[in-house]
Amino acid sequence: MTIGNLMRLLSDGEVHSGEQLGETLGISRAAVWKQLKKLEALGVELVAVKGRGYRLAQRLEPLEGAKIVERLPAQARHYLARLFVEDQLPSSNEYLRQRFEQGAGHGEVCLVELQTAGRGRRGRVWSTPWGQSLMLSLGWRFESGIAVLEGLSLAVGVVVAQVLEQHGVAPKLKWPNDILLSEQGDAASDELGKLAGILIEVTGDAAGPCEVVIGIGMNLWLPDAQRAAIDQPVAALFERLPDLSRNQLASDVVAGLLVMLADFERDGFSAWRDAWNERHAYAGLPIRVIQGQQTSDAIAGEVDESGNLWVTENGHSRRLAGGEISVRRRL
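Below is a short write-up of the structure. These numbers come from a predicted model, not from an experiment.

Overview of unusual backbone geometry
Note that the residue after tryptophan 175, namely proline 176, is joined by a cis bond; omega there is -5°. Tracing the sequence through the fold places proline 176 in the loop between strand E6 (172-174) and strand E7 (178-182). Despite not being glycine, asparagine 314 shows a phi value in the positive range, around 50°. Within the secondary structure, asparagine 314 is located in the loop between strand E12 (309-313) and strand E13 (316-320).

Thoughts on the pairing of E7
The element E7 is extensively covered by neighbouring structure, given that 5 of its 5 residues are classed as buried. Taking every second residue as pointing to the same face, both faces of E7 are buried, with Asp178, Leu180 and Ser182 on one and Ile179 and Leu181 on the other. In terms of strand pairing, E6 meets E7 through 3 bridges, oriented antiparallel. Across the sheet, residue leucine 173 finds its bridge partner in E7, namely isoleucine 179. Taken together, the 5 bridges between E7 and strand E8 (residues 192-204) define a ladder with antiparallel strand orientation. If you follow leucine 181 over to E8, its bridge partner there is glycine 193.

Section: helix H10 (residues 246-267)
Spanning 22 residues, H10 covers 31 Å between terminal C-alpha atoms, matching the ideal 32 Å at 1.5 Å per step. Helix geometry: H10 is bent most strongly at leucine 261, by close to 30°. At the N-terminal boundary of H10, the capping side chain belongs to serine 245, with an oxygen 3.3 Å from the backbone nitrogen of asparagine 247.

Section: the nonpolar core
Of all hydrophobic cores here, the largest spans 72 residues; its most connected members are Phe142, Leu152, Met218, Leu237, Leu249 and Met260. Counting residues domain by domain, this core receives three or more from each of domain 2 (65-277) and domain 3 (282-327). Setting aside chain neighbours within four positions, we find leucine 237 in contact with Leu164, Val169, Leu181, Leu195, Met218, Asn219, Leu220, Leu244 and Leu249. Counting residues in each nonpolar core, the second largest holds 15 residues, with Leu21, Leu39, Val44 and Trp130 among its members.

Some remarks on the environment of isoleucine 299
Position of isoleucine 299 among the secondary structure elements: in strand E11 (residues 294-303). Assessed through its relative accessible area of 35%, isoleucine 299 is described here as partly exposed. For isoleucine 299 and leucine 164, which are 135 residues apart along the polypeptide, the C-alpha to C-alpha distance reads 28 Å. In this view, isoleucine 299 contacts Gly284, Leu285, Pro286, Trp310, Val311, Thr312 and Arg330; residues no more than four positions away in its chain are not counted.

Description of the pattern of salt bridges
Pairs can form between side chains of opposite charge once their charged atoms are near each other. One pass over the full model with this rule turns up 16 salt bridges. Where glutamate 40 meets lysine 37, a salt bridge forms, and the shortest distance between an N and an O atom there is 3.2 Å. In this pair, glutamate 40 and lysine 37 are both assigned in helix H3 (residues 29-41), 3 residues apart and thus about one turn of the helix distant. Taking the relative accessible area as the measure of exposure, glutamate 40 reaches 35% and is therefore partly exposed. Ionic pairing is found between glutamate 108 and arginine 99, a salt bridge with its closest N-O pair at 2.8 Å. Here the salt bridges do not stand alone but share partners, grouping Glu94, Arg97 and Glu201 into one network.

Here we look at the packing of aromatic side chains
For the structure shown, the criterion picks out 3 aromatic pairs. A ring pair is formed by tyrosine 79 and tryptophan 140, whose centres lie 6.4 Å apart and whose planes are at 70°; its orientation type is edge-to-face. Of this pair, tyrosine 79 sits in helix H5 (residues 74-79) while tryptophan 140 sits in strand E5 (residues 133-142); the two residues are 61 residues apart in sequence, bridging distant segments of the chain. Summarising the aromatic geometry, the rings of phenylalanine 84 and tyrosine 95 are spaced 5.2 Å apart at their centres and angled 70° between planes, so their arrangement reads as edge-to-face. You can see phenylalanine 84 sitting in strand E3 (residues 82-89) and its partner tyrosine 95 sitting in helix H6 (residues 92-101), a full 11 residues away along the chain.

Description of the sheet that holds strand E4 (residues 108-115)
Pairing is mixed in the open sheet, where 7 strands are placed in the order E3-E4-E5-E9-E8-E7-E6. Of all the strands in the sheet, the pair left with one neighbour each is E3 and E6. On average, each strand axis in the sheet is inclined to that of its neighbour by 20°, with strand direction left out of account. Against the sheet, H10 touches E4, E5 and strand E9 (210-219), its axis set at about 20° to E5.

Here's the deal with the environment of leucine 6
Tracing the chain through its elements places leucine 6 in helix H1 (residues 3-10). Leucine 6 gets classed as buried once you look at its relative accessible area, which sits at 0%.

Here we look at the side chain of histidine 16
With respect to the helices, strands and loops of the structure, histidine 16 is situated in the loop between H1 and helix H2 (18-25). Residue class for histidine 16 comes out buried when judged on its relative accessible area of 13%. For histidine 16, the side chain forms a polar contact with the side chain of aspartate 12, separated by 3.0 Å. Each residue touching histidine 16, except ones within four places of it in the same chain, is listed here: Leu9, Leu10, Leu21, Arg52, Gly53 and Tyr54.

Rules of the game
- Residues numbered from 1 in each chain as written.
- Predicted model: local features only at pLDDT ≥ 70, side-chain atom pairs only at ≥ 80, totals over all residues.
- Heavy atoms only, no water.
- Helix = DSSP H or I, 4+ residues; strand = E, 2+ residues; numbered from the N terminus.
- Buried < 20%, exposed > 50% of the residue type's maximum accessible area, 1.4 Å probe, protein only.
- Pairing = 2+ DSSP bridges.
- Expected span 1.5 Å × (residues − 1).
- Bend = angle between axes of the 7 residues up to and from the residue.
- Polar contact = N/O pair within 3.5 Å; in protein donor to acceptor, adjacent residues only side chain to side chain.
- Core = buried A, V, L, I, M, F, W, Y, C linked by side-chain atoms within 4.5 Å.
- Domains from an automatic or database assignment.
- Contact = heavy atoms within 4.5 Å.
- Salt bridge = Lys/Arg side-chain N within 4 Å of Asp/Glu carboxyl O.
- Phe/Tyr/Trp six-rings, centres within 6.5 Å; stacked < 30°, edge-to-face > 60°.
- Axes fitted to C-alpha atoms, helices over the stretch in contact; angles between N-to-C directions.

This is the structure we're talking about:
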């Protein structure tokens, strides 16, 4: 029995007795109890109802590949080669890298309910409880070499932001790879928390064909214990949009990415630059630039047509390229 089978049974939000769960899953009540404890260890919040059983503290809509694909517009469906939905993987990015090694991967999407070794930028771990985030990777082959990928992560951020705007929230973009959301909806007065991160991994020839895996991790629900363990402000989408369908969100993000990628090699980031700058979280604000062990204070400017961030330090402008650089709002 997989954890996924148990989660799907609990996903209706009703109270289930250990006996009912055991009968449905074909295991003993003691085995059910062990699995429930395993869920709690994975960060899933359960509510024990005395004398009746257990239910999930938060609603859960399991991912369903058929629902996601059927909601794709025709144009996006044309570009989709294959869509995988997995209960558990070490990393959805790694899964698609292996698909490329097998001669597939292009136009493929992998969504996963639980990642055990997901990574964010600069080697950070990205993990959320089973079914309470949106974690997906998309593979795409570019024929013209790595140079055409300038600004790709920023264009991905714009696509995700546009999807979220269609559902009624107004995210901001933090250079180079983060999507931020205010806690209460008033971005001017409220602290922005990290809603989602983007990780792009490239293999192949610098001058010829290269294979790109785009990974996105988005917080949907964040249990208090996990929120407390994170060392930066964070946001969770379903706290603002509790009725949004997880499968619809997945379909919208996949559709937006597929359509963007189909034109990106031809148009480059310049087609997305203005849209990124309109959503720039820190434009004109004091920031701290972190580059390895070095930090400096600056005022953030806009991004250019290559996706570089221009900043002003001590009256002089300089350009920040991607890679191992982070910026933080300086209060």
